[in-house]
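Here is what each chain is made of, one letter per residue.
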Amino acid sequence: MNSLHADDRTRAQIEFEQLFSPILEMAYGTAVRLTRSRTEAEDLVQDAALLAFRAFDSFQPGTNFKAWFFRILTNAFYSRHRKEKHEKANLSTEDVPPLYLYNRTAEAGLQGRESDPASAIMDRLDTEQVSEALEALPTEYRVVATLYFIEDFSYQQIAEVLECPVGTVRSRLHRGRRMLQKALWDVAVERGIVRGAVSH
């Protein structure tokens, strides 16, 4: 029986690693954006991987492993950073008017006739700089924006990962987009990517 149990464990370990390996880099990148620290991100991914392996028998083969793992990753993040939820946000939608980035890029002459203002800025920023903008968002908006913009999760997938209604995801993403516009612009100005522009 012991050898059979060991064989089962090895089989489960192999199956888990086959599913986990392709998303490890994505998971780490997301963890960096969530924690704002490479060291903490490594710890978070290790914690989440251990939790996921322990709960692997609850994973249904054939379903979305990435979404399943990211639910564990975000839950692990929230449990490690609960106190951060009570901290005052360093960005708020209150001072970010609608079409903020559209107006800023127009003033700087960056828009083509049909260009998307976020793309106009993002095209000039590298991954690290986009991450810097994401990191400026308060936790709950940072999580949703990272899953949506970086990991290409749908509203439904994000709702499943965060175990919340799709309406909550839409609401957070709507506010998160406005805050991200301001953060992207600030990073672009700070890095000298947008010349002759003033950060408002």
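Before reading further, recall that the structure is shown in the block above.
Just so it is clear, the model here is predicted, and its values are computed rather than measured.

Lay out the overall build of the chain with the relevant residues and their values.
Each helix and strand in the chain was counted, giving 10 helices and 0 strands. Along the chain direction, N to C, the helices and strands of the chain fall in the order α-α-α-α-α-α-α-α-α-α. A burial count over the chain gives 40% of its 200 residues as buried. Accessible area for the chain stands at about 11500 Å²; split by element, carbon and sulfur atoms hold 48% of it.

How would you summarise the nonpolar core if you had to cite specific residues and measurements?
When a protein is soluble and globular, its nonpolar side chains tend to lie buried together. By size, the foremost hydrophobic cluster in this structure holds 37 residues, and its most contacted members are Phe20, Phe65, Trp68, Phe69, Phe70, Leu147 and Leu162. Element by element, the count of residues in this core is highest for helix 4 (residues 65-80), at 10 residues. If we ignore the near neighbours within four places in the chain, the residues touching Phe70 are Ile23, Met26, Ala27, Thr30, Leu147, Glu151, Phe153 and Val161. Ala133, Leu134, Ala145 and Leu180 belong to the second largest nonpolar core, which has 13 residues in total.

Any chance you could break down the environment of Ala12 for me, citing the residues and the numbers?
Here Ala12 is to be found in helix 1 (residues 2-20). Distance from Ala12 to Phe56, taken between C-alpha atoms, is 7.8 Å for residues 44 residues apart in sequence. Discounting residues that sit within four places of it in the chain, Ala12 has contacts with Phe53 and Phe56.

Conventions used here
Residues numbered from 1 in each chain as written. Predicted model: local features only at pLDDT ≥ 70, side-chain atom pairs only at ≥ 80, totals over all residues. Heavy atoms only, no water. Helix = DSSP H or I, 4+ residues; strand = E, 2+ residues; numbered from the N terminus. Buried < 20%, exposed > 50% of the residue type's maximum accessible area, 1.4 Å probe, protein only. Areas by Shrake-Rupley, 256 points an atom, 1.4 Å probe, with all protein chains shown as cover. Core = buried A, V, L, I, M, F, W, Y, C linked by side-chain atoms within 4.5 Å. Contact = heavy atoms within 4.5 Å.

Honestly, it's all geometry; don't read function into it.
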